[in-house]
Structure formats: C-alpha cells, structure tokens
Amino acid sequence: MTIIEPIVADAAAIPTPAAYRLAGVTKTYTQKERVIRALAGVDVEIAQGDFVTIQGPTGGGKSTLLQLLGALDQPTVGHILIGETDLATATARDLERVRAIEIGFVFQAFNLIPTLTAAENVDMGLEPLRLAKDERAARVTEALERVDLADRGDHRPGELSGGQQQRVAIARAIAKRPRVLLADEPTGNLDESMRDEILAVLEALNAEGLTLVVVTHDSAVANRARRRLRLDQGSVRDITR
Ligand code: ADP
Ligand code: MG
C-alpha cells in the first residue's frame with residue numbers, strides 16, 4: 001500500500017505568488033557632491049493580482065520607487081525580483097524586455113501623442129512586441145473596449161476629455177497584456193467625476209487579475225485599494241487599516 005503524503009498540510013500556508021519581491025532596496029542620487037537618499041532600504045512584497053496604493057509626502061520617494069518597479073532605473077543597493085528576474089542585476093537588454101512585455105505604465109499627464117488618434121496611440125504601446133498586423137489591430141480594439149472607448153478610436157487626444165485621454169493611456173498600457181500596471185498619480189490632473197471613471201476602469205482590470213501599483217495623493221483612490229503603503233523619507237510602512 002502506498003501512502004500519499006499531503007503536499008501541503010495547511011492550505012493557508014501556500015504563499016500567494018509574488019508579482020514583486022523587494023529586499024533592502026536603496027536608491028541614492030548624487031548631485032553636485034550632495035548625496036540624496038531617495039529610498040532607504042525598502043523591503044516589500046507585492047502579491048500577484050493585488051491592488052496597492054503608495055501615498056506619502058512630496059519627496060518621499062514614490063516616483064523613484066515606481067521607476068525602479070518599472071525597470072526604468074536600477075537600485076543602488078538591494079534586489080527587485082519581478083518573477084524570476086532581478087531588476088537590480090539585469091542587463092540593459094533584459095530591462096528593456098521587462099519594460100516592453102511585463103509592465104504597463106500610466107502617468108499623471110497622460111503622455112499621449114497629440115497628432116495620433118486614440119487607436120494609433122494604443123498601437124504605439126505594442127511596437128516592441130513585433131506582433132503580426134492582424135493581432136496588433138485586434139489588441140488595439142480589445143484594449144479600447146476594455147476602457148469603454150471602442151467608439152473613440154479615431155479621435156485625437158485634443159478631441160477627448162481628460163478622463164477619456166487617461167483611459168486611452170490605460171488602453172495603451174494594457175494592450176501588451178502586462179503582468180503589472182504601474183501608475184504615477186493617474187487621477188492627479190482630473191476632476192472628481194473623471195477620477196471615478198478612471199477608478200472604475202482600474203478596478204475592473206484588477207478584478208480580471210491585473211496587479212495594480214498606484215502612487216496617489218487622492219484618498220478616494222487609496223480607499224479602494226486592497227493594500228495601502230506609505231513612503232516617507234525613503235521608508236515604506238503598511239498603513240492598510
Ligand atoms: P516623490 O515622488 O515621493 O515626490 P521622488 O521619488 O520624486 O519623491 O524623490 C525622492 C527624493 O529623491 C527627493 O529628495 C528628490 O529630490 C530626489 N530625486 C528624485 N529624482 C532625482 C534625480 N533624478 N536626481 C536627483 N535627485 C532626485
Ligand atoms: Mg513623484
């Protein structure tokens with residue numbers, strides 16, 4: 001008779017797969033012989049499928065952290081694992097691949113190209129993936145549908161409201177089907193009703209499994225997060241109530 005051992009005795013002990021694992025992340029900038037410590041030994045794990053907000057005072061290190069999570073820059077000390085890749089030691093080519101495939105980025109100022117239509121802006125986000133033309137077009141349509149702008153693909157940014165422009169920017173970020181969506185003050189330039197429209201889109205994407213990391217000053221946004229972090233003087237604290 002064979003005895004089958006349970007693989008895990010306690011289901012609650014099964015770890016949630018992490019989107020990010022940060023250990024001892026420090027980032028210093030040197031400017032005219034002055035050393036600025038933007039991040040001072042950050043240890044944090046972000047679970048896959050989580051919705052995390054990062055709050056804190058100006059200069060606290062929020063944008064710096066988001067840039068490191070986005071593989072746009074590397075830490076001075078420490079490790080940042082995204083899946084199996086350590087962004088701290090990755091080559092420039094690996095960082096480029098992670099940015100192109102795994103990460104969607106949304107900015108406060110939308111950063112759309114004014115001369116291109118909404119669909120063309122979304123298509124730009126797919127450039128690094130080198131997809132077949134049909135697949136590319138299908139992804140653009142799908143992404144615009146997911147942000148409820150299927151009927152605005154041929155509009156230029158100047159013909160859209162701020163909330164609609166930010167939704168185009170979100171479509172551009174998700175068209176590549178990234179592992180995580182990083183957003184730096186995505187509602188900072190928007191009034192309350194447009195903010196709610198962006199929140200609804202972000203929550204719908206999160207419900208489909210997309211991991212969200214959102215830097216925000218807006219407590220209405222933070223109140224919807226599953227997990228709230230605060231960054232002050234380069235140190236992270238969990239302030240989820
Ligand atoms: P936050 O987004 O929370 O306002 P930042 O991450 O932008 O904070 O900045 C954290 C600290 O690092 C600040 O003191 C800021 O002046 C400094 N800093 C950020 N980026 C740079 C840079 N490229 N060069 C020099 N100092 C920087
Ligand atoms: Mg900032």
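Above this text is the structure in question.
To keep things clear, this report deals only with the structure shown in the data block. Everything quoted here is computed from the prediction, not taken from an experiment. (Residues numbered from 1 in each chain as written. Chains lettered and ligands numbered in written order. Predicted model: local features only at pLDDT ≥ 70, side-chain atom pairs only at ≥ 80, totals over all residues. Heavy atoms only, no water.)

1. Focus on the sheet that holds strand β9 (residues 227–232)
Within a sheet, neighbouring strands are paired by backbone hydrogen bonds and run either parallel or antiparallel to one another.
Here is step 1: Strands sit in the order β6-β7-β8-β3-β9-β10 across an open sheet of 6 strands; the sheet is mixed. Every other strand in the sheet has two partners, leaving β6 (103–106) and β10 (235–238) as the edge strands with one partner each. Neighbour-to-neighbour, the strand axes of this sheet turn through a mean angle of 20°, independent of strand direction.
Here is step 2: Sheet topology places strand β3 (residues 51–55) next to β9; 4 bridges connect them, and they run parallel. Bridging from a neighbouring strand, Thr53 pairs with Arg228 of β9.
Here is step 3: Set on the sheet, helix α1 (residues 62–69) makes contact with β3, β6, β7 (180–184), β8 (211–215) and β9; between it and β7 the angle comes to about 155°. (Pairing = 2+ DSSP bridges. Helix = DSSP H or I, 4+ residues; strand = E, 2+ residues; numbered from the N terminus. Axes fitted to C-alpha atoms, helices over the stretch in contact; angles between N-to-C directions. Contact = heavy atoms within 4.5 Å.)

2. Concerning the packing of aromatic side chains
Here is step 1: Counted by the stated rule, this structure contains 1 aromatic pair.
Here is step 2: Arranged with centres 4.9 Å apart and planes meeting at 10°, the rings of Phe105 and Phe107 form a pair that is stacked.
Here is step 3: What makes Phe107 partly exposed here is its relative accessible area of 29%. (Phe/Tyr/Trp six-rings, centres within 6.5 Å; stacked < 30°, edge-to-face > 60°. Buried < 20%, exposed > 50% of the residue type's maximum accessible area, 1.4 Å probe, protein only.)

3. Remarks on the packing of helix α5 (residues 162–174) against helix α6 (residues 192–207)
Pairs of packed helices are described in terms of their axes, by the angle between the two and the distance that separates them.
Here is step 1: The interhelical angle for the contact between α5 and α6, taken along N-to-C directions, is 20°, at an axis separation of 8 Å. In terms of axis orientation, α5 runs roughly parallel to α6. As for how α5 packs across α6, the hand of that crossing is right-handed. From α5, Gly162, Gly163, Gln164, Gln166, Arg167, Ile170 and Ile174 reach across to α6, where they touch Met194, Glu197, Ile198, Val201, Leu202 and Leu205.
Here is step 2: For the contact of α5 with α6, the per-class residue count stands at 7 nonpolar, 4 polar and 2 charged. (Parallel < 35°, antiparallel > 145°, perpendicular 65-115°, else oblique. Left-handed = near helix turned anticlockwise from the far one by under 90°. Nonpolar A, V, L, I, M, F, W, Y, C, P; charged D, E, K, R; others polar.)

4. A few points about the site of ligand 1
Here is step 1: For ligand 1, the full set of nearby residues is Tyr29, Gln31, Ile36, Ala38, Pro57, Thr58, Gly59, Gly60, Gly61, Lys62, Ser63 and Thr64.
Here is step 2: Interatomic distance of 2.6 Å between a backbone N/O atom of Gly59 and an oxygen atom of ligand 1.
Here is step 3: Within the backbone of Gly60, one N or O atom sits 3.2 Å away from an oxygen atom of ligand 1.
Here is step 4: For ligand 1, whose unbound accessible area comes to 560 Å², protein coverage reaches 64%.
Here is step 5: Secondary structure elements with two or more residues in the shell around ligand 1: β1 (18–31), β2 (34–47) and α1.
Here is step 6: The element that contributes the greatest number of residues to the shell around ligand 1 is α1, accounting for 3 residues.
Here is step 7: In terms of residue class, the shell around ligand 1 is made up of 4 nonpolar, 7 polar and 1 charged. (Near = heavy atom within 4 Å. Polar contact = N/O pair within 3.5 Å; in protein donor to acceptor, adjacent residues only side chain to side chain. Areas by Shrake-Rupley, 256 points an atom, 1.4 Å probe, with all protein chains shown as cover.)

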